[in-house]
Amino acid sequence: MSELVKLTKKDFESDQEVRWCPGCGDYSILATVQRFLPSLDIPKENHVVISGIGCSSRFPYYMNTYGFHTIHGRAPALATGVKLVNPDLHVWLITGDGDALSIGGNHFIHLLRRNVDLTVLLFNNRIYGLTKGQYSPTSEVGKKTKSTPYGSVDEPVDPVSLALGAKATFIARASAVDAKGLTAVLEQAAAHKGTSFVEIFQNCNVFNDGAFKDFDERAVRNERQLHVEHGKPLIFGAELDKGIALDGFNPKIVSTKNGSADQILTYDKNSKILAQILASLSFPEFPVPMGVLYQEERSAYDTAVTEQVAQAKQRQGEGKLSDLLNSGDTWTVN
Amino acid sequence: MENTQTERKELVSAAIRFAGDSGDGMQVTGARFTHESARLGNDLATRPDFPAEIRAPAGTIGGVSAFQIHFGSTEVFTAGDDLDALIAMNPAALKANVKDLKQNGILICNTDSFTEKNLIKAHLEENPLDQDAISTKYNLISVPITTLTHEALSELELPKSAIERCKNFFALGIICWMYGRGVKETSEWVERKFKSKPEIAKANKLALEGGMAFAEASEAFSTVFEVPKAKLAQGTYKNITGNQGLAHGLIAASVKAGVPLVYAGYPITPASDILHEISRYKNFGVTTFQAEDEIAACCAAIGASYAGGLGVTGSSGPGILLKQEALALAAVVELPLVVVNVQRAGPSTGMPTKTEQADLLQSLYGRNSDCPVVVLAIASPDDSFDTSYLAAKIALEHMVPVILLSDGYVGNGSQPWLIPDESSLSEISPKFAQTDSAEAFQPYQRDEETLARAWSIPGMKGLEHRVGGLEKQDITGNISYDPDNHQRMTYLRAEKVKRVANTYPKTEVSGADSGELLVVSWGGTHGAVAGAVAEEQKAGRSVSHLHLRYINPLPNDLEQVLSRFKKILVPELNSGQLSLILNAHFDLNLTAYNKVQGQPFKISEIQQQIQNLIR
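All values derive from a computational prediction rather than experimental measurement. (Residues numbered from 1 in each chain as written. Chains lettered and ligands numbered in written order. Predicted model: local features only at pLDDT ≥ 70, side-chain atom pairs only at ≥ 80, totals over all residues. Heavy atoms only, no water.)

1. A short note on the overall build of chain B
Then comes step 1: Summing up its helical and strand segments, chain B has 21 helices and 22 strands in all.
Then comes step 2: The C-alpha atoms of chain B give 27 Å as radius of gyration, which agrees with the globular expectation for 615 residues (25 Å, within 12%).
Then comes step 3: Taken over the C-alpha atoms alone, chain B extends approximately 85 × 60 × 45 Å along its principal axes.
Then comes step 4: With 615 residues in all, chain B has 62% of them scored as buried.
Then comes step 5: Residue pairs in contact within chain B that sit at least 24 positions apart in sequence constitute 76% of those at least 6 positions apart.
Then comes step 6: Each charge class in chain B can be summarised by its mean position, and for the 56 positive and 71 negative side chains these summaries are 2 Å apart. (Helix = DSSP H or I, 4+ residues; strand = E, 2+ residues; numbered from the N terminus. Rg over C-alpha atoms; globule rule 2.2 N^0.38 Å. Buried < 20%, exposed > 50% of the residue type's maximum accessible area, 1.4 Å probe, protein only. Contact = heavy atoms within 4.5 Å. Lys, Arg positive; Asp, Glu negative; His and termini not counted. Charge placed at Lys NZ, Arg CZ, Asp CG, Glu CD.)

Put into structure tokens, the structure is as follows:
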């Protein structure tokens, strides 16, 4: 085992000039990740950052680790191949709303259901930035962009609900402007065995400025976001005076003060039903849930595949070339 | 008791076809006859022909499944042009196959199945067995195979359906007797196969023996055709399909290189058998990944290579199209990758179970921009191991994607394969980056000879670097939009592929190395062309044969070889793709001969073309 040298944020910064637009939300995510990684005490050669295509997918170039900037939407498939050969690597998959949910939707679903052991950071800015401003699969209905001058007419996808449907084992939501909240999510994501999916709200100040400002700005954050914690009641509000309760099957907001406090749900991150209720909360009627929304334990795909190979070796013995060549019905000509 | 009038007649070779309904067990019947023939020492080639529909309505033309075998006492080049014998288990099988039977060829029909209902299903207005067109043209032997199977199995208390499932083995018994081969191997195989169902094992053995006894006693079968054993090179053999050989070649390369194989595929005809075959060998440290789609399969293979494995993906034409974007990524990030294409008739879905070799230009030019990759083609089932081993070796040693072309005819067909000695396999030595170098790591630093970059794998300390699809700066691998750099990198990538030709052996022709005509073939047409050229050489014509394994880059000495012949004939199962390439590269007197019918060449078709060009 190599000796443990304490790494710093600087160790994870590459020598490449960062080329996102000034004011882009990606900068703070990059800085938060670089600041967070040393705490894992993992040698940096064991980190692999894999991305698809889009603004967010330039991320690997700025990380002084192994990095692979792949093709549009396909990072999940490529990352799966990496983990099949070396399940011990710590893979960070960087993607965006277009990359993961549009062109790469299929791969994203199958990554989650297989539960490949890696962490997905989905930078959701609800716009196509690199191609200069077309609406994305997470843009709200009626979005006016270059490609939709009359407004978009199609319903957006909700990444958290999609991940739940695809049987993801770890689902979290964080914001680029809340480094503390993001770091807390990253800690749990990194510790989770299986695919950790993290949706990160990220402002594109050039093509979709203010996409999240109604609930993500510091002044309104406490009032309009619901920061969930396992085992704690679902309480929010600047004064922590509101909570989420159920009215039949439907969520409702109740006050903590008028005797209905005991109706407030206690959060259990292992409950899929609760996660589905949270995923259904839509702003502005409800606050936006943030934090680790769901987690379950399930065998990771790469571990299971590797175990199958190990078992085959144990049962049949390590394959010998001569056995392979001479397998099946053979005959000899003298 | 042997029929007293039995005559024995020796043949150099025979081509026979078993044809019946999908549920009649024709593939297993053919496979068992193949094994008996291989054990007798015949050279042989086989060709299964099955419908794309899994369970087409019984008795229809669409549901006909056939298996052809050509076996001989001299070298057998193909599964045979015209048939010496056809076994038709129902009217549809007769209708679909009889055109391939030689005049006076033996036609064995199961008369029990020629019912009015089955005639209607085969869209036949009259019973062909009653028509002179059939009985005068062919040597028709009508056998009530179903009835006779019931009689042979009368001592068993089995349901009617179980008994009738044995009728293929009754037919096999007849054919084995007719061609003077035993059924011992097959009986043993039945014992093994139905170990847990002794009643079924017994039923099949009784049917087999019943068929033999019937033929021996019947006056309709008066001749035993003997095909003596061939002079094959000494050694141990096994019968192998192209898909199996290809799979084994990849596994062997992985073991020899010490690099774990990851085969990623998505089910597609006729390539799925490669995925099936490799998935059986997990104890060799191989991993198979059935991906969510063709694109993911290619990307996963690239990821595997990036992490230090031998990434391989396989498909057929429509799937290869989907992989091309990822293939270009592999070319730019310069990682090893093998992409197998078991070609089938297209375009689009085309005819999935029928063969063609029309993806050559797709392999060479199917990607955006200038993006050459190495392209190799498998000649025959018994060549599949060597060529796939070589594809993996080139990919690993040159850090380059290799497209390995096979086709439906090669992939599903089988031949006896001389098993190589383990020690005869060439070494595979990928060049890994050095972790202890004092200098900063440069991911695009190249080997002077091959221009391959060194393989640096996640987990290797001090070699952290970034790769991706954006243009690379020479040596450092950083992103670069510099115009001169782009041109330099484009040329470097092309030159790296071109230098693979420096590793090729001397180009050999079969026959004289100069003369009137050179027939140039590639891929699965090897057998038909080799057979035709051998025949024409025997007839005294000045014709030689060159078979290309290396399609890109072409061999360095190819022009020299071609220039020694006055005329060039290029037969292809496409509209002239290699012809186009050869004409683009060289100044030749070239004639293209093209067939796109989903069927392989017949030897006679090539012979005719040779005769058209030279006296």
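2. Here's the deal with the overall build of chain A
Then comes step 1: Secondary structure assignment for chain A yields eleven helices and 14 strands.
Then comes step 2: Reported as C-alpha extents along the three principal axes, the dimensions of chain A are approximately 95 × 50 × 45 Å.
Then comes step 3: Every one of the 334 residues in chain A was classed for burial, and the buried ones make up 54%.
Then comes step 4: Surface exposure of chain A reaches about 14,600 Å², of which carbon and sulfur atoms provide 51%.
Then comes step 5: Side chains of chain A give 34 positive and 38 negative charges; the mean places of these two sets differ by 2 Å. (Areas by Shrake-Rupley, 256 points an atom, 1.4 Å probe, with all protein chains shown as cover.)

3. Describing the interface of chain A and chain B
Then comes step 1: With 56 residues of chain A at the contact, the number on the chain B side is 73 residues.
Then comes step 2: Carbon and sulfur atoms supply 63% of the area that chain A and chain B bury against each other, a total of about 5,400 Å² over both sides.
Then comes step 3: Of all residues in chain A, Y66, L325 and W331 of chain A give up the largest surface area on contact with chain B, accounting jointly for 17% of the area buried on that side.
Then comes step 4: For the interface between chain A and chain B, the tally reads one salt bridge.
Then comes step 5: Across the salt bridge formed by R114 of chain A and E292 of chain B, the nearest N and O atoms sit 2.8 Å from each other.
Then comes step 6: For the interface between chain A and chain B, the tally reads 26 residue pairs in polar contact (both at pLDDT 80 or more).
Then comes step 7: Within the residue set of the side of chain A that touches chain B, elements represented by two or more residues are β2 (66–69), α2 (75–85), α4 (105–114), α10 (301–316), α11 (321–325) and β14 (330–333) of chain A.
Then comes step 8: Per-class residue counts for the side of chain A that touches chain B are 22 nonpolar, 25 polar and nine charged.
Then comes step 9: Alignment of β14 of chain A against strand β9 (residues 235–241) of chain B, held across four bridges, turns out to be antiparallel. (Buried area = accessible area lost by both parts, 1.4 Å probe. Salt bridge = Lys/Arg side-chain N within 4 Å of Asp/Glu carboxyl O. Polar contact = N/O pair within 3.5 Å; in protein donor to acceptor, adjacent residues only side chain to side chain. Nonpolar A, V, L, I, M, F, W, Y, C, P; charged D, E, K, R; others polar. Pairing = 2+ DSSP bridges.)

4. Concerning the packing of aromatic side chains
Then comes step 1: Enumeration according to the criterion identifies 27 aromatic pairs over all chains in this entry.
Then comes step 2: When the ring of F108 of chain A is compared with that of F197 of chain A, the centres are 5.2 Å apart and the planes differ by 70 degrees; the resulting orientation is edge-to-face. Placement of F108 of chain A in helix α4 and of F197 of chain A in strand β8 (residues 195–201) is noted, with a sequence separation of 89 residues between them. Taken as a pair, F108 of chain A and F197 of chain A share a single burial class, namely buried.
Then comes step 3: Residues Y179 of chain B and F225 of chain B carry aromatic rings whose centres are separated by 5.7 Å and whose planes lie at 35 degrees to one another, so their mutual orientation is tilted. (Phe/Tyr/Trp six-rings, centres within 6.5 Å; stacked < 30°, edge-to-face > 60°.)

5. Here's the deal with unusual backbone geometry
Then comes step 1: With an omega dihedral of 0 degrees, the bond running from T269 of chain B to P270 of chain B counts as a cis peptide bond.
Then comes step 2: With an omega of 0 degrees, the peptide bond running from G346 of chain B to P347 of chain B counts as cis.
Then comes step 3: Secondary-structure assignment places P347 of chain B in the loop between β13 (337–343) and α14 (360–365).
Then comes step 4: The phi dihedral of N115 of chain A is positive, around 65 degrees, even though this residue is not glycine.
Then comes step 5: Its location among the elements puts N115 of chain A in the loop between α4 and β4 (118–124).

6. Comments concerning the domain arrangement of chain B
Residues and elements named next belong to chain B.
Then comes step 1: Domain boundaries in chain B define domain 1 (7–226), domain 2 (233–503) and domain 3 (515–613).
Then comes step 2: Placing a centre on the C-alpha atoms of domain 1 and another on those of domain 3 gives a separation of 36 Å.
Then comes step 3: Interface area lost by domain 1 to domain 3 is led by R47, F77 and D81, which between them contribute 73%.
Then comes step 4: On inspection of domain 1 and its partner domain 3, the count reaches one salt bridge.
Then comes step 5: When the shortest N-O distance is used, the salt bridge between D82 and K602 registers 3.2 Å.
Then comes step 6: Connecting domain 1 to domain 3 are four residue pairs in polar contact (both at pLDDT 80 or more).
Then comes step 7: For the side of domain 1 that touches domain 3, the class distribution of residues is one nonpolar, one polar and four charged. (Domains from an automatic or database assignment.)

7. Thoughts on the pattern of salt bridges
Residue and element names in this part refer to chain A.
Then comes step 1: The final tally for this structure, using the stated rule, is 42 salt bridges over all chains.
Then comes step 2: One salt bridge connects E296 with R298, and the closest N-O pair in it is separated by 3.5 Å.
Then comes step 3: Linked by salt bridges that have partners in common, K83, D117, K193 and D302 make up one network.

8. Topic: the sheet that holds strand β10 (residues 261–265) of chain B
Residue and element names in this part refer to chain B.
Then comes step 1: The strand order across the open sheet formed by seven strands is β11-β10-β12-β13-β15-β14-β20, and the pairing between neighbours is mixed. Of all strands in the sheet, those bounded by a partner on one side alone are β11 (287–290) and β20 (550–552). Here the average twist between neighbouring strands, direction ignored, is 20 degrees.
Then comes step 2: Bridge count between strand β14 (residues 374–377) and strand β15 (residues 401–407): four bridges; the pairing is parallel. Bridge assignment links L376 to a residue of β15, and that residue is L404. (Axes fitted to C-alpha atoms, helices over the stretch in contact; angles between N-to-C directions.)

9. Some words on the nonpolar core
Then comes step 1: The biggest cluster of nonpolar side chains holds 164 residues, and the ones touching the most others in it are F68 of chain A together with V520 and L582 of chain B.
Then comes step 2: Ranked by the residues each element gives to this core, the list is headed by helix α12 (residues 294–306) of chain B, at ten residues.
Then comes step 3: Residues lining this core come from more than one domain, with at least three contributed by each of domain 2 (233–503) and domain 3 (515–613) of chain B.
Then comes step 4: What F68 of chain A contacts, discounting residues up to four positions off in sequence, is V49, I50, S51, P60 and L78 of chain A together with I302, Y306, L329, V333, L335, V467 and G468 of chain B.
Then comes step 5: Residues I141, L172, A203 and L208 of chain B belong to the second largest nonpolar core, which totals 54 residues. (Core = buried A, V, L, I, M, F, W, Y, C linked by side-chain atoms within 4.5 Å.)

10. Some points on the sheet that holds strand β3 (residues 90–96) of chain A
Then comes step 1: With mixed pairing, nine strands are arranged side by side in an open sheet as β9(A)-β13(A)-β7(A)-β8(A)-β4(A)-β3(A)-β1(A)-β2(A)-β17(B). Bordering the open sheet on either side are β9 (225–227) of chain A together with β17 (466–468) of chain B, each of which pairs with just one other strand. For this sheet, the mean angle separating the axes of adjacent strands, direction not counted, is 20 degrees.
Then comes step 2: As paired elements, β3 of chain A and β4 of chain A share five bridges and run parallel to each other. Pairing of W92 of chain A across the sheet is with T119 of chain A, part of β4 of chain A.
Then comes step 3: Packing of helix α13 (residues 317–333) of chain B onto the sheet brings it into contact with β2 of chain A together with β17 of chain B, and relative to β17 of chain B it is tilted by some 140 degrees.

11. Quick word on helix α6 (residues 179–191) of chain A
The periodicity of an α-helix, 3.6 residues per turn, causes residues three or four positions apart to be oriented the same way.
Residues and elements named next belong to chain A.
Then comes step 1: Given a rise of 1.5 Å per residue, 13 residues ought to cover 18 Å, and the 18 Å separating the end C-alpha atoms of α6 matches this to within 8%.
Then comes step 2: Turning to α6, its buried residues are L182, V185, L186 and A189. Looking down the long axis of α6, one finds its buried residues gathered within 105 degrees of arc, a one-sided arrangement. When the buried face of α6 is taken as reference, the exposed residues oriented beyond 90 degrees from it are K180 and A191. (Expected span 1.5 Å × (residues − 1). Arc of directions from axis to C-beta.)

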